[in-house]
Amino acid sequence: MSKKIYADADADTYGNLNATTQACSAPVGYVNNSTDCNDANANVHPGATEVCNSVDDNCNGQVDEGVQSTFY
């Protein structure tokens, strides 16, 4: 029985929800999950460390949370 699998263009093991195929097992370049929020950057995926770079590194919908400093 085939299942939906997701393209992983950046090879970070997190797939692109909008790039799918049906197969019995994942071919090269595909994974079983669809949680990558930026499949063009292997450093951006769920669980990634958030860094101060104006990017949502950990795919939680927030940018640079917990890593900014207040300057006076």
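Chemist: Which residues make up the state of the cysteines, and what values do they have?
Modeler: For the structure shown, the criterion picks out 1 disulfide. Linked covalently through their sulfurs, C37 and C59 form a disulfide whose S-S length is 2.1 Å. Classification of the bridge connecting C37 and C59 rests on its S-S torsion, roughly -80°, and on that basis the disulfide is left-handed. One end of the pair, C37, is in the segment after β3 (30-31); the other, C59, is in the segment after β3, with 22 residues separating them in the sequence. The class for C59 is partly exposed, based on a relative accessible area of 21%. Cysteine C52 is unpaired, with the sulfur of C37 as its nearest cysteine sulfur at 17 Å.

Chemist: Any details on the environment of S25? Residues and values, ideally.
Modeler: With respect to the secondary-structure elements, S25 resides in the loop between β2 (20-23) and β3. Once the C-alpha coordinates of S25 and K3 are considered, the two residues, 22 residues apart in sequence, prove to be 7.8 Å apart.

So, how was this worked out
- Residues numbered from 1 in each chain as written.
- Predicted model: local features only at pLDDT ≥ 70, side-chain atom pairs only at ≥ 80, totals over all residues.
- Heavy atoms only, no water.
- Disulfide = S-S within 2.5 Å.
- Helix = DSSP H or I, 4+ residues; strand = E, 2+ residues; numbered from the N terminus.
- Buried < 20%, exposed > 50% of the residue type's maximum accessible area, 1.4 Å probe, protein only.

Note that all results are geometric; they support no functional claim without further evidence.
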